[in-house]
Amino acid sequence: MTLYAKFVKPAFDDFILPSKKYVDIIIPRGGDNRVAIDLIVQHIRTKLGQHNLCKIYPNLHVIQSTFQTRGMHTLIRDTEISKHDFVFYSDRLIRLVVEDGLGYLPFTEKQVITPTGSIYIGVDFCKKLCGVFVIRSGESMENALRACCKGIKIGKILIHRGGDETQLIYEKLPKDISERHVLLMDPVLGTGHYIRLENINNHVRMYKSLSWYSQAGTPIVKVNTSYNAEGHTFSLEISQEIPPTPGQSVKEPTFSLIRKS
């Protein structure tokens, strides 16, 4: 009881209890409340249903699943897949997403004369498009978009998410973007809640980070600092290490964005 009063209860009051205001639902009796857990499980299963999702979110369009798409998803989820095959099948899936998304843009009717002299009534592609990629994952969709839309203008944004706050760190957009149909590209987009462009005056320069896409793994960054009181100088030493992954035992250093506050 002494240990509970000295460690457990204070930790609960300091860390657990204040977080209750952020949760969506609290289950009394925890894991023993099977009725409440079953209700939540059923609710999640309902939300995950494709048709129900489309009813709840009318602007959501889900690509029809085929054996081809399921086969490609199976391959890219395989831990033994080679880097070349992973990139190849990922690009195929991205191309399907881009092609399907372009089908929801506005089209105009157009008549053309065929080589046989007949009149064919078709549609004209939507003009003035712009692709905006969310750095860094969104850039993996750039090749597919350029292959589908010849000469399309490209923009890029870098967004920092911290809790409920969203900050635009970097943006480079076409000057006439307000006059264009914008295709926002992000293959790992969770909710779309954080994609809110705001007017921010302070921008930073973003360097090309091609090595992020050519190898797996997240860099482990170490920082050492020292201060010379006599010379009034402050030294900052930053090093990085990327743990080996299957098929990539040696990793190249990556460019990273450092923000000074």
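Residues numbered from 1 in each chain as written. Predicted model: local features only at pLDDT ≥ 70, side-chain atom pairs only at ≥ 80, totals over all residues. Heavy atoms only, no water.

Draft legend 1. Just helix H1 (residues 2-16), in detail. The end-to-end C-alpha separation of H1 is 20 Å, in line with the 21 Å expected for 15 residues at 1.5 Å each. Maximal helix bending in H1 amounts to about 30°, located at Val 8; proline Pro 10 follows within four positions. (Helix = DSSP H or I, 4+ residues; strand = E, 2+ residues; numbered from the N terminus. Expected span 1.5 Å × (residues − 1). Bend = angle between axes of the 7 residues up to and from the residue.)

Draft legend 2. Representation of the environment of Ile 159 within the structure. One can find Ile 159 in strand S4 (residues 153-162). The exposure class of Ile 159 is buried, given its relative accessible area of 14%. Note: C-alpha distance between Ile 159 and Ile 135 (24 residues apart in sequence) is 7.6 Å. (Buried < 20%, exposed > 50% of the residue type's maximum accessible area, 1.4 Å probe, protein only.)

Draft legend 3. View of unusual backbone geometry. Even without being glycine, Lys 128 reaches a positive phi, approximately 55°. Mapping Lys 128 onto the fold places it in the loop between strand S2 (119-124) and strand S3 (129-134). On the basis of relative accessible area, Lys 128 is assigned to the partly exposed category, the value being 37%. For His 232, which is not a glycine, the phi torsion comes out positive at approximately 55°. Taking relative accessible area as the criterion, His 232 reaches 63% and is therefore assigned exposed.

Draft legend 4. Seen up close, the pattern of salt bridges. Inspection of every chain in the model, using the stated rule, returns eight salt bridges. Notably, a salt bridge pairs Glu 142 with Lys 156, separated by 3.7 Å at the nearest N-O pair. Of this pair, Glu 142 sits in helix H6 (residues 142-148) while Lys 156 sits in strand S4, placing them 14 residues apart in sequence. For the pair formed by Glu 142 and Lys 156, the shared burial category is buried. One salt-bridge network, held together by shared partners, links Glu 139, Glu 142, Arg 146 and Lys 156. (Salt bridge = Lys/Arg side-chain N within 4 Å of Asp/Glu carboxyl O.)

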